[in-house]
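Here's the letter readout for the chains.
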Amino acid sequence: MADRGPTIPREEAAVWAQDLTRTFGSFIAVDHITFAVAQGEVFGFLGANGAGKTTAIKMLTGLLAPSGGTAHTAGYDVAEQPDEVKRRIGYMSQRFALYDDLTVKENVRFYGGVYGLTDRQIAERMAAMLARLGFERMARERVGRLPLGWKQKLDFSVALLHEPEVVFLDEPTGGVDPVTRRQFWELIYAAAQGGTTVFVTTHYMDEAEYCDRVSIMVAGTIAALGTPAELKAQFAAASIDEVFLRLARPVEEAASS
Amino acid sequence: MTDAPASVQVNGLVKRYDEAVALDGVSLAVEPGELFGVIGPDGAGKSTLFRILVTVILPDAGAASVDGLDVVDDYLEIRRRVGYMPGRFSLYPDLTVRENLEFFASVFGTSVEAEYDVIAPIYSQIEPFDDRRAGALSGGMKQKLALSCALVHRPRVLILDEPTTGVDAVSRAEFWDMLGELKRGGLTTLVSTPYMDEAARCDRIALLQTGRLLRAPDTPEAVARSFRAPLVRVRATGERAALLGTLRALDGVARAEVFGEWVHVTGAGEDAGALALRMQRALEGQGWSEVVAEPVAPSVEDVFMALMSDPDPTAEVNHG
């Protein structure tokens with residue numbers, strides 16, 4: 001890993017950060033992180049609670065101004081052009097963005113409108129999405145009545161509706177059964193194969209193994225970054241879980257005091 | 001204690017919310033001193049089961065007892081005997097660590113001093129932060145405080161609803177270490193989790209899905225061993241989605257699912273060694289490189305996934 005700058009040139013990267021920093025008063029939440037994510041990559045962004053992941057993601061998605069350093073997402077500077085960034089990314093949070101009282105179709109139409117798609121684009125993409133998910137029969141069902149796993153798949157697909165260059169997923173698979181969790185990851189692979197960059201956080205360490213590369217944040221810094229195989233070799237560990245425990249364990253008390 | 005055969009007894013428990021069935025005839029028994037895990041995803045019925053046991057809601061059918069007491073008839077006495085940690089952080093964020101603890105102690109007519117020995121193994125870890133508001137604690141420390149509060153009245157049975165959900169891997173590991181310590185002290189604990197890998201930390205587990213047990217409760221080792229079909233793990237260089245597609249299209253492959261860096265392939269009608277060899281040759285024949293295919297011991301998660309599509313008929317229980 002180069003100390004100077006990210007290993008991927010800025011023009012080619014989907015996400016690119018150099019010395020990205022955010023402070024809250026005297027607290028340094030994100031401390032000079034430097035890394036880049038290639039286009040079409042599935043990038044796992046790991047870290048213990050309180051390590052600075054959420055703050056970093058808020059900066060990378062143009063929601064929070066950095067205190068220092070630079071970051072570009074989908075080719076735009078997050079500090080200079082946050083609105084351009086927001087137009088070119090998708091975001092799926094742990095809380096559902098979909099409206100429980102609207103049907104599947106109504107939700108899709110609403111979000112399509114928010115992202116400025118034409119009626120025709122919405123109709124075409126909705127048909128393709130429902131077919132891909134096998135949701136045709138549920139199109140007129142209220143979202144609140146869908147099982148959790150279905151909602152998550154729908155939420156992910158809605159986040160991709162405007163064909164963003166990068167999609168940010170914040171613990172997308174919490175609480176679902178093991179079969180549905182894997183189906184969700186197959187949607188992630190499909191999106192990445194279509195060229196969408198996937199930036200994902202998770203507490204499931206087996207899911208970290210599904211990523212092309214993962215970074216592990218510890219106390220505001222990126223303590224490790226590489227392919228799962230590289231990290232396991234680097235730390236002589238059998239699994240990413242073991243790598244994570246070794247890196248993150250010593251700072252638990254520091255992060256909380 | 002000698003006249004109580006089980007600490008928690010559940011027989012044919014049914015609970016409906018409007019037309020949705022949350023529990024559809026669940027039966028299980030937790031032995032005294034056992035660390036018993038209820039493993040299942042959101043919506044499986046874990047919280048409903050636990051709420052009935054801690055007497056917060058009533059069952060529609062079936063019966064349950066805790067520490068020998070009926071959850072309907074003896075609900076007041078049960079509340080004195082169980083420690084309950086609900087899924088959501090339920091402490092007072094504006095009170096300090098110490099104030100929360102003293103509050104819960106006083107509700108049960110006792111004091112932190114009188115019960116110090118029982119909470120010490122956990123509380124001592126957060127005691128240096130006594131004056132901090134609970135809302136300002138890290139996730140791991142909130143858990144320790146919540147567990148201390150659930151223990152402060154010396155419960156005979158501890159019931160923990162998804163204590164590790166949304167918690168990072170480090171705090172999860174620490175939390176299970178604490179449960180192990182409480183178990184050594186003789187406490188009976190019933191704990192739920194959506195994380196299949198946590199099954200290994202329990203004495204016995206029940207697999208719950210859409211309100212039903214997928215099979216009879218057993219040790220995690222016995223549950224894992226109950227996987228009957230040949231199982232092989234496979235990896236190869238290249239796109240994982242393409243690898244899954246290739247494997248699923250091969251003859252005699254009942255299922256192919258990602259497991260960490262591997263794909264687990266379930267076969268039928270041949271032994272695992274033969275299946276592994278066949279997968280190896282088939283992938284290499286299709287141009288995949290660095291192929292590794294080898295028999296693998298099934299995990300609880302393999303069993304859960306197999307049972308989701310093909311439930312064990314012996315898990316059927318009479319709807320009382």
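Residues numbered from 1 in each chain as written. Chains lettered and ligands numbered in written order. Predicted model: local features only at pLDDT ≥ 70, side-chain atom pairs only at ≥ 80, totals over all residues. Heavy atoms only, no water.

## A few points about the pairing of strand S12 (residues 253-259) of chain B
All names here are of chain B. Buried residues dominate S12, accounting for six of its seven residues. The pairing of S12 with strand S13 (residues 262-267) spans six bridges and is classified as antiparallel. Across the sheet, residue Glu257 finds its bridge partner in S13, namely His264. As consecutive antiparallel partners, S12 and S13 are separated by two residues, and within that stretch Gly260 has a phi angle of approximately 55 degrees, a positive value. (Buried < 20%, exposed > 50% of the residue type's maximum accessible area, 1.4 Å probe, protein only. Helix = DSSP H or I, 4+ residues; strand = E, 2+ residues; numbered from the N terminus. Pairing = 2+ DSSP bridges.)

## A word on the confidence of the model for chain B
Scored by pLDDT, chain B has a mean of 92; 95% of the residues are at 70 or more. The low-confidence segment residues 316-320 of chain B, where pLDDT is below 50, has nine contacts with residues more than four positions distant or belonging to other chains. (pLDDT = per-residue confidence, 0-100. Contact = heavy atoms within 4.5 Å.)

## Considering the packing of aromatic side chains
All names here are of chain A. According to the stated counting rule, one finds 17 aromatic pairs over all chains in the structure shown. With centroids separated by 6.4 Å and ring planes inclined at 40 degrees, the aromatic side chains of Phe35 and Phe199 adopt a geometry described as tilted. Taken together, the residues span a long stretch of sequence, with Phe35 in strand S2 (residues 27-38) and Phe199 in strand S8 (residues 197-201) at a distance of 164 residues. Summarising the burial analysis for this pair, Phe35 and Phe199 share the class buried. Through successive ring pairs, a cluster of aromatic residues spans Phe35, Phe43, Phe45, Phe168 and Phe199. One cation-aromatic arrangement involves Arg181 over Tyr204; the distance from NZ or CZ to the ring centre is 3.9 Å. (Phe/Tyr/Trp six-rings, centres within 6.5 Å; stacked < 30°, edge-to-face > 60°. Lys NZ or Arg CZ within 6 Å of the ring centre and 35° of its normal.)

## Describing the interface of chain A and chain B
On the chain B side, the residues contacting the 33 residues of chain A number 36 residues. Summed over both partners, the interface of chain A with chain B buries about 2,800 Å², with 55% contributed by carbon and sulfur atoms. At the junction of chain A with chain B, the criterion picks out five salt bridges. Residue Arg248 of chain B is joined to Glu186 of chain A by a salt bridge in which the shortest nitrogen-to-oxygen separation is 2.7 Å. Here chain A is connected to chain B by ten residue pairs in polar contact (both at pLDDT 80 or more). Put simply, the parts of the chain that give the side of chain A that touches chain B at least two residues each are helix H6 (178-193), helix H7 (205-208), helix H9 (240-248) and helix H10 (252-256) of chain A. (Buried area = accessible area lost by both parts, 1.4 Å probe. Salt bridge = Lys/Arg side-chain N within 4 Å of Asp/Glu carboxyl O. Polar contact = N/O pair within 3.5 Å; in protein donor to acceptor, adjacent residues only side chain to side chain.)

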